[in-house]
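# Observations on chain architecture
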Amino acid sequence: MLFYTPVLRPGVRASSPELLARLFGGTTGEAEPVERFGGVPHGLATQHWPYCGECGRSLSLIAQLTHHADRLPLGREGRMLFAFQCNHEPGTCETWDQDSGANAAFVVEPEAIGSGDTPAPADAPPSDPAALVTGWTREDDGLTAEQAAAFFSDETIAALGEDLIDEERHGGTHLGGIPCWIQSADEAPRGWRFLGQIADAHEFEEEVVPAHNFGDMGIAYLFAQDQEAGVPKVKMFWQCG
Ligand SMILES: [Zn+2]
């Protein structure tokens, strides 16, 4: 099975136009990559900014990723996936739960995507450190599609050969392939397809930087359910040690 890992460079906070100008020579510089982890969303309409189902405050961006036929199939060119969670009082709202409403993952049609960084809501959701995606590296985990399908429930994982279970799996951020579970695989929503996972740190070329609050060394998982019409539904949840 193929999977894709992001090539990242640190992002600059949108609130520092002076710094942006100094680094990139003002607004005439190269366009910022739209795909990102942390920071602020790009081109999201302000009315689409999600709010926490528990505390009611605005959520913080975890990831913004573009449709790609192999890497992130969302059913249509230009569709954009957004994932957010509540950062206001870490550990209070149940951001790890796929049904709590304290996180949000959703797909937006290209017609609804604007340009420029989206201004943050008035309650100023704390941003995670930003990493911009400058490219993707394709890798092969060596699993057949049938073997990969077994990694979505504890029962079928247990039935796999020891060599397949024990082999070191990619625990970092990736799209496609299989999830690297920290706790039970049975948390995967039944019948939904795995899109990818997000590690709690940005792996830059030179250093690893803590990025998202997924508990202790946690990993967030994204699953999609295709719809008869319109964008796929997406769920996010995370597990930690
Ligand atoms: Zn909240």
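You'll find the protein entered in an unreviewed UniProt entry as DUF1963 domain-containing protein, with Sphingomonas rustica given as the organism.

So, on to the coordination of the zinc ion. Around the zinc ion, the protein contributes the donor atoms Cys-52 (SG), Cys-55 (SG), Cys-86 (SG) and Cys-93 (SG), at 2.3 to 2.4 Å from the metal centre. For the zinc ion, the four donor atoms in the first shell make angles of 103 to 116° at the metal, a pattern classed as tetrahedral. Read N to C, the donor residues that coordinate the zinc ion are spaced as C-x2-C-x30-C-x6-C. Here Cys-55, found in the loop between β3 (42-44) and β4 (60-66), pairs with Cys-93, found in the loop between β5 (80-85) and β6 (103-108); they are 38 residues apart in sequence, far enough to count as distant. Judged by relative accessible area, Cys-93 falls into the buried class, the value being 8%.

Turning our eyes to something else, we now look at the packing of aromatic side chains. As enumerated under the stated definition, the model contains 13 aromatic pairs in all. Aromatic side chains Phe-152 and Phe-194 sit 5.9 Å apart centroid to centroid with 55° between the ring planes, which places their arrangement in the tilted category. In this pair, Phe-152 is assigned in the loop between α2 (145-149) and α3 (154-158) and Phe-194 in strand β10 (residues 193-199), connecting sequence segments 42 residues apart. Residue classification places Phe-194 among the buried positions, given a relative accessible area of 12%. Each ring, one from Phe-152 and one from Phe-223, has its centre 6.1 Å from the other, and the planes form 85°; the classification is edge-to-face. In this pair, Phe-152 sits in the loop between α2 and α3 while Phe-223 sits in strand β13 (residues 219-225), placing the two residues 71 residues apart along the sequence. No difference in accessibility class separates Phe-152 from Phe-223, as the two residues are buried. Pairwise contacts between aromatic rings join Phe-152, Trp-181, Phe-194, Tyr-221, Phe-223 and Phe-237 into one cluster. The aromatic ring of Trp-192 is capped on one face by Lys-235, whose charged end is 5.2 Å from the ring centroid.

What counts and how
- Residues numbered from 1 in each chain as written.
- Predicted model: local features only at pLDDT ≥ 70, side-chain atom pairs only at ≥ 80, totals over all residues.
- Heavy atoms only, no water.
- Donors = N, O, S within 2.8 Å, 3.2 Å for Na, K, Ca; no water.
- Tetrahedral: all angles 85-135°; square planar, octahedral: opposite > 155°, others 65-115°.
- Helix = DSSP H or I, 4+ residues; strand = E, 2+ residues; numbered from the N terminus.
- Buried < 20%, exposed > 50% of the residue type's maximum accessible area, 1.4 Å probe, protein only.
- Phe/Tyr/Trp six-rings, centres within 6.5 Å; stacked < 30°, edge-to-face > 60°.
- Lys NZ or Arg CZ within 6 Å of the ring centre and 35° of its normal.

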